[in-house]
Amino acid sequence: MAPQYAPSLRSRLAPLLCLLQTAFIVIYALYVELDQNVETSGTTFRIFYSEFQDVNVVVFLGFGFLSTFFVRYGFSGSGFNLLVAVIATQWAVILNGFESWYHRGKIRIDLKSLVVAEMYAASALISMGTVLGKTNPVHLVLITLLEVSGFALNGWLLQTFLKVRPLSSITLLHIFGAFFGLTLTWILYRKDSVQRFEKEKSDRKAGLFCILGTVFLWMFWPTFNSVLVDHHAPGRKLAAVYSTYLALAVSAVTAAAVSVLSNPKGKLNPGHMQRCTLAGGVAVGVSMSVIHQPWQAMTIGFAAAVISTLGFRYLKLHMLLAFECHDTCGVLSTHGLPGLLGWLAHLLLQLMDCDDHTTAIRFAVFHICTLLITLSLSLSMGIITGFLLKWNFWRPPQDKKCFDDQAFWEFPHLAVRK
Amino acid sequence: MAPQYAPSLRSRLAPLLCLLQTAFIVIYALYVELDQNVETSGTTFRIFYSEFQDVNVVVFLGFGFLSTFFVRYGFSGSGFNLLVAVIATQWAVILNGFESWYHRGKIRIDLKSLVVAEMYAASALISMGTVLGKTNPVHLVLITLLEVSGFALNGWLLQTFLKVRPLSSITLLHIFGAFFGLTLTWILYRKDSVQRFEKEKSDRKAGLFCILGTVFLWMFWPTFNSVLVDHHAPGRKLAAVYSTYLALAVSAVTAAAVSVLSNPKGKLNPGHMQRCTLAGGVAVGVSMSVIHQPWQAMTIGFAAAVISTLGFRYLKLHMLLAFECHDTCGVLSTHGLPGLLGWLAHLLLQLMDCDDHTTAIRFAVFHICTLLITLSLSLSMGIITGFLLKWNFWRPPQDKKCFDDQAFWEFPHLAVRK
Amino acid sequence: MAPQYAPSLRSRLAPLLCLLQTAFIVIYALYVELDQNVETSGTTFRIFYSEFQDVNVVVFLGFGFLSTFFVRYGFSGSGFNLLVAVIATQWAVILNGFESWYHRGKIRIDLKSLVVAEMYAASALISMGTVLGKTNPVHLVLITLLEVSGFALNGWLLQTFLKVRPLSSITLLHIFGAFFGLTLTWILYRKDSVQRFEKEKSDRKAGLFCILGTVFLWMFWPTFNSVLVDHHAPGRKLAAVYSTYLALAVSAVTAAAVSVLSNPKGKLNPGHMQRCTLAGGVAVGVSMSVIHQPWQAMTIGFAAAVISTLGFRYLKLHMLLAFECHDTCGVLSTHGLPGLLGWLAHLLLQLMDCDDHTTAIRFAVFHICTLLITLSLSLSMGIITGFLLKWNFWRPPQDKKCFDDQAFWEFPHLAVRK
């Protein structure tokens with residue numbers, strides 16, 4: 001018989017976090033310096049700081065509260081999100097500064113490097129969405145470290161072998177994060193839990209917290225997409241903002257329409273409003289560099305919402321039953337499919353812009369190679385991470401304790417009183 | 001006997017949304033272009049973007065969560081708010097660009113046009129507050145389209161015949177939205193529901209979500225009021241920010257005082273804290289162009305909070321019983337009366353500034369005409385919209401299904417589990 | 001026998017608030033003017049406004065929702081926070097402008113003076129955290145007025161006698177607020193309530209609202225710390241932002257580690273995640289002017305989180321049992337101890353920077369005097385306030401009505417329906 005209580009993480013989580021944090025402090029003490037270049041950073045700072053705050057809101061608040069929709073898993077959804085995000089950010093600063101360290105011996109921290117690091121964190125948080133509820137914080141920390149490393153490796157590969165620009169490799173975060181997470185949850189599938197997890201359910205108030213996260217993501221997604229576009233090209237930055245805004249607006253309407261249309265009783269699905277309204281932002285994020293007209297952004301937003309909503313409605317269950325892949329937050333529909341759609345839209349729009357066949361074919365090959373490298377790396381990293389996490393040493397929660405805060409959190413006042 | 005389930009909206013809402021969104025995309029494809037003027041917009045962008053985000057927070061988050069205070073109607077309150085706001089914004093961009101389209105053949109989107117469009121959306125959301133819970137999303141979409149059209153028509157009339165400046169006509173959004181909504185709910189009154197709707201009630205947690213909306217509105221109202229004041233007149237912009245801030249601060253204290261004073265047991269009413277604390281911001285919004293001293297803003301905030309709180313306490317029930325006008329969110333007290341007070345304050349302060357009688361009388365006539373046109377247009381548009389919505393073709397929810405998310409939302413996890 | 005209902009505040013709270021607000025309006029009418037210096041303030045405004053909004057978010061939203069974690073006390077936690085904050089801000093503007101009034105006859109309001117006033121409000125809100133739930137709004141208003149006056153007096157003393165810079169005296173807000181509050185709650189201790197208050201408990205959803213407040217504080221703390229650093233020294237401002245960010249990141253990881261380590265079952269404590277993750281920001285806020293390296297900020301964040309979490313785990317109960325000091329929100333661990341740690345870090349780092357012994361000793365004496373003055377003033381003001389509040393004239397709630405919204409709020413819809 002399985003034990004009644006969830007296994008204690010005291011001997012696993014505490015040393016892991018302490019060790020990791022101490023290691024980070026030591027590395028930062030030896031190799032990281034604050035940006036001292038006051039003249040340039042003074043100006044940049046004033047321009048950049050409020051966008052940096054917007055990205056903070058997306059990563060720490062938006063993603064965090066988007067994961068609070070389980071009735072008994074709100075503390076874990078929002079709390080572990082914070083934990084994972086700060087670890088990912090600290091780790092990504094180190095990985096991203098590797099080249100600078102190699103050449104100059106020091107890694108420099110400025111607002112831009114923090115924003116890039118938070119993009120990496122966002123990609124780890126997307127992966128986390130697939131396994132949320134079925135893992136413990138130790139798993140999540142390991143996933144974070146490996147996912148961020150994989151994504152950094154992917155960026156390095158793309159930049160070194162295909163001369164992809166850094167910004168373009170970062171926009172692949174949705175695709176990398178989603179397929180890494182899907183592979184992971186496929187490997188971690190628990191055969192014996194054919195019945196769904198009994199605590200995997202939502203209620204009205206938990207759903208409202210989730211909508212709160214959605215609205216914040218929705219509002220600050222234009223900044224999230226445009227923040228890394230060069231400040232010296234204000235036209236491109238503007239276009240990224242407007243495109244994202246329009247695509248999100250269209251997505252919200254379209255997701256509602258498709259949700260009602262695909263339900264026999266003509267009702268809206270809260271999950272669709274919480275996640276599929278964001279599909280346009282994801283798709284535009286991947287393709288924004290080639291969008292020049294409002295209708296292009298709006299059409300991409302329309303298509304992304306249709307795919308995302310239908311995927312959420314039909315594909316999610318199919319993935320579970322046919323492929324034994326339990327995707328907790330519907331990451332495939334929210335980030336995976338819209339990300340691929342954005343990639344496709346990028347390809348088509350770029351081909352339409354090309355004058356001659358040779359350039360078109362060269363771009364197509366280059367663009368397809370980019371996707372293939374990203375997908376194969378995300379799948380292989382997912383497989384490696386999956387097998388590492390299958391090890392029982394990490395003390396996974398029992399099926400009965402999945403989606404339950406009480407496995408990881410003490411409720412002192414409740415316990416004493418009731 | 002009435003059917004047990006709420007009527008399905010599949011054949012009404014889905015085609016309406018699809019059609020509307022497709023029409024918007026087609027219109028945008030033909031007539032809308034992104035602002036390409038990089039030189040000027042680069043600079044403006046940096047200054048304007050964070051204010052644009054603040055307005056987003058007011059419209060999408062603030063108004064949305066202000067409507068979540070019903071215990072069973074949180075998804076609808078926040079979800080329909082998003083839906084209505086994005087439709088209103090897209091529609092308002094088209095209506096506002098009509099003149100530019102007429103002259104140049106194209107409508108240009110920039111941050112300012114989006115902010116103006118969101119102001120129109122705010123006016124539609126205010127109207128929505130009167131009928132919330134007693135309507136279905138199809139109604140809300142129709143209300144949005146007609147209210148925004150009416151408000152645009154009002155602006156055009158005022159600007160054409162009275163030479164009112166665009167900014168001044170936009171500040172009338174509270175008055176227009178409130179009286180449009182009140183007429184609407186008066187026409188839609190359900191005689192047979194003399195007993196109040198049984199699900200029209202709040203609870204602690206729903207009230208907290210509402211307070212969350214209040215606090216966001218409270219914090220970002222200074223931006224909401226000042227955002228359209230010309231950047232080349234920083235003094236006026238500053239004055240608008242400080243005035244709104246002070247008026248809101250005074251409102252919060254005064255609303256609490258009046259709430260306690262008007263309750264026999266000396267208790268605070270959550271509704272007063274949620275709505276009447278904002279009255280000062282509304283009143284200053286209408287009158288800010290003539291406020292030069294802190295005490296003027298503070299006195300307006302004080303008076304607005306007194307009127308708003310007393311209106312909420314006594315007038316709301318009176319409106320229901322005597323006029324058969326069921327005002328769900330107390331829009332009359334939150335936006336209508338403080339808006340009128342602001343109009344009056346504007347008149348008085350302007351008259352005090354006038355040196356000679358002729359100018360004073362001319363201004364008074366002009367100012368009264370502005371109000372009369374706005375009121376008559378809002379009332380007539382409200383009547384037209386009301387009669388359109390009375391048509392049973394739109395499938396209104398039964399009395400029993402009012403204020404109930406389950407009429408429009410599926411709860412898959414709950415349904416499966418319980 | 002004690003009465004069944006909480007005493008009515010109608011004859012206490014309403015006149016107090018009305019009187020106070022009228023007095024503020026009169027004072028503002030006579031002595032306060034808006035900043036008319038358009039040329040300079042235009043530029044400053046654009047730079048400063050979004051930081052001002054961030055501080056608003058910290059004070060009105062962050063602190064407010066951080067106090068919503070009691071299951072029956074959410075309206076009071078967030079509503080009284082707003083009330084206290086606006087009174088404190090209006091009062092602090094007057095107190096801070098005293099010198100300017102003395103010299104020029106007028107107090108000038110600009111964004112900076114409002115930000116400083118909100119810092120004072122933050123210090124009052126910290127004090128409020130110690131007595132929350134055991135006091136009524138009349139108490140809270142009195143505490144606010146006295147705490148803000150005390151903190152202003154402290155600043156004046158430090159600046160006059162020790163030539164401490166204004167910014168440095170403001171950074172002591174955590175220490176002043178915490179020890180003022182602790183003295184207060186020690187004096188107000190109710191001997192007969194040896195059993196803990198029966199309604200002092202949390203639940204999942206209330207905890208999530210609290211985490212929402214935490215995340216907002218966490219995200220906007222870098223602005224809160226850096227906002228008053230001179231804009232003409234962008235390097236120092238940058239350093240303050242980066243230091244706070246890094247310290248907060250380390251705090252989040254460390255608080256989780258220590259929380260798990262100090263629980264026999266290896267579980268996280270929600271209270272630790274809600275409060276101790278912020279300890280690094282507090283400590284850096286006090287010491288930021290001497291932090292030059294990332295590792296310094298990170299080490300301070302690490303130490304602050306360890307102290308804070310251990311203090312929350314062991315010291316809070318000890319304070320209650322041994323010293324009869326009931327610290328509702330754990331202000332000692334969240335603000336007091338990390339504040340003292342920051343003070344110590346400031347001393348040590350400054351001493352390490354000194355070249356000769358004389359300067360070092362002079363600085364140490366100066367720094368210790370600063371702390372001693374602050375502590376003695378906060379303790380004596382706390383004692384005075386405490387004895388004032390012990391007066392039964394203010395109608396404190398009975399033990400049974402503590403931590404219960406129903407003592408101060410009417411629930412009309414609930415009451416009618418159930």
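Quantities reported herein were computed from a predicted structural model and do not represent experimental measurements.

**Digging into the nonpolar core**
With 439 residues, the main nonpolar core has F60 and F216 of chain A, F60, F216 and W218 of chain B together with F60 and F216 of chain C as its most contacted residues. Leaving out residues up to four positions away in the same chain, F216 of chain A has contacts with V57 and L61 of chain A, L61 and F216 of chain B together with F216 of chain C. With 15 residues, the next largest nonpolar core counts A240, V284, V290 and I291 of chain C among its residues.

**Concerning the packing of helix α12 (residues 279-287) of chain C against helix α13 (residues 294-323) of chain C**
Residues and elements named next belong to chain C. One can describe the packing of α12 onto α13 by two numbers: an axis separation of 8 Å at closest approach and a directional angle of 125 degrees. In terms of axis orientation, α12 runs oblique to α13. Crossing hand, α12 versus α13: right-handed. Along the contact surface, α12 presents A279, G280, A283, V284 and S287, while α13 presents A297, I300, G301, A304, A305 and S308. Grouping the constituent residues of the contact of α12 with α13 by class yields 7 nonpolar, 4 polar and no charged.

**Focus: the interface of chain A and chain C**
Taken residue by residue, the interface counts 68 residues in chain A and 63 residues in chain C. Both faces considered, chain A and chain C share a buried interface measuring about 5800 Å² in area, 73% of it formed by carbon and sulfur atoms. Viewed at the interface, chain C and chain A are joined by 3 salt bridges. A salt bridge links R313 of chain C to E410 of chain A, with the shortest nitrogen-to-oxygen separation between them at 2.5 Å. Linking chain A with chain C are 15 residue pairs in polar contact (both at pLDDT 80 or more). Those elements that provide at least two residues to the side of chain A that touches chain C are α1 (10-31), β1 (32-34), α2 (38-66), α3 (74-96), α5 (111-131), α9 (204-226) and α16 (412-417) of chain A. Ranked by residue count, the leading element in the side of chain A that touches chain C is α2 of chain A, at 14 residues.

**Describing the interface of chain C and chain B**
Every contact between the two is made by 69 residues of chain C and, on the other side, 63 residues of chain B. When the two sides are added together, the surface that chain C and chain B hide from each other amounts to roughly 5800 Å², 73% of it contributed by carbon and sulfur. Summed over the shared surface of chain C and chain B, the number is 3 salt bridges. Notably, a salt bridge pairs K205 of chain B with D203 of chain C, separated by 3.9 Å at the nearest N-O pair.

**Considering unusual backbone geometry**
The phi dihedral of K163 of chain A falls on the positive side, at around 55 degrees, and the residue is not glycine. Mapped onto the secondary structure, K163 of chain A falls in the loop between α6 (137-161) and α7 (166-171).

**A few points about the relation of the copies chain A and chain C**
If you rotate chain A by 120 degrees and push it 0.0 Å along the axis, it lands on chain C with an RMSD of 0.0 Å. Both chain copies can therefore be described as sitting about a three-fold axis. By C-alpha distance to the rotation axis, the residue of chain A lying nearest is S50 of chain A, at 4.0 Å. Each copy contacts the other with its own distinct surface, as only 9% of the interface residues of chain A are interface residues in chain C too.

**Let's talk about the packing of aromatic side chains**
Enumeration over the complete set of coordinates arrives at 78 aromatic pairs over all chains. Judged by centre distance (5.6 Å) and plane angle (55 degrees), the rings of F52 of chain A and Y245 of chain C are tilted. Of the two residues, F52 of chain A sits in helix α2 while Y245 of chain C sits in helix α10 (residues 234-261), which places them in two different chains. The residues F52 of chain A and Y245 of chain C share a single accessibility class, namely buried. Of note, R12 of chain B hangs over the ring of F393 of chain B, and the distance from its end group to the ring centre comes to 4.3 Å.

**Examining the side chain of S113 of chain A**
All names here are of chain A. Tracing the chain through its elements places S113 in helix α5. Reaching out from S113, the side chain makes a polar contact with the backbone oxygen of D110 at a distance of 2.9 Å. Sequence-distant contacts of S113, that is, excluding residues within four places in its chain, are made with V93 and R108.

Rules and cut-offs
- Residues numbered from 1 in each chain as written.
- Chains lettered and ligands numbered in written order.
- Predicted model: local features only at pLDDT ≥ 70, side-chain atom pairs only at ≥ 80, totals over all residues.
- Heavy atoms only, no water.
- Core = buried A, V, L, I, M, F, W, Y, C linked by side-chain atoms within 4.5 Å.
- Buried < 20%, exposed > 50% of the residue type's maximum accessible area, 1.4 Å probe, protein only.
- Contact = heavy atoms within 4.5 Å.
- Axes fitted to C-alpha atoms, helices over the stretch in contact; angles between N-to-C directions.
- Helix = DSSP H or I, 4+ residues; strand = E, 2+ residues; numbered from the N terminus.
- Parallel < 35°, antiparallel > 145°, perpendicular 65-115°, else oblique.
- Left-handed = near helix turned anticlockwise from the far one by under 90°.
- Nonpolar A, V, L, I, M, F, W, Y, C, P; charged D, E, K, R; others polar.
- Buried area = accessible area lost by both parts, 1.4 Å probe.
- Salt bridge = Lys/Arg side-chain N within 4 Å of Asp/Glu carboxyl O.
- Polar contact = N/O pair within 3.5 Å; in protein donor to acceptor, adjacent residues only side chain to side chain.
- Least-squares fit on C-alpha atoms with pLDDT ≥ 70 in both.
- Phe/Tyr/Trp six-rings, centres within 6.5 Å; stacked < 30°, edge-to-face > 60°.
- Lys NZ or Arg CZ within 6 Å of the ring centre and 35° of its normal.

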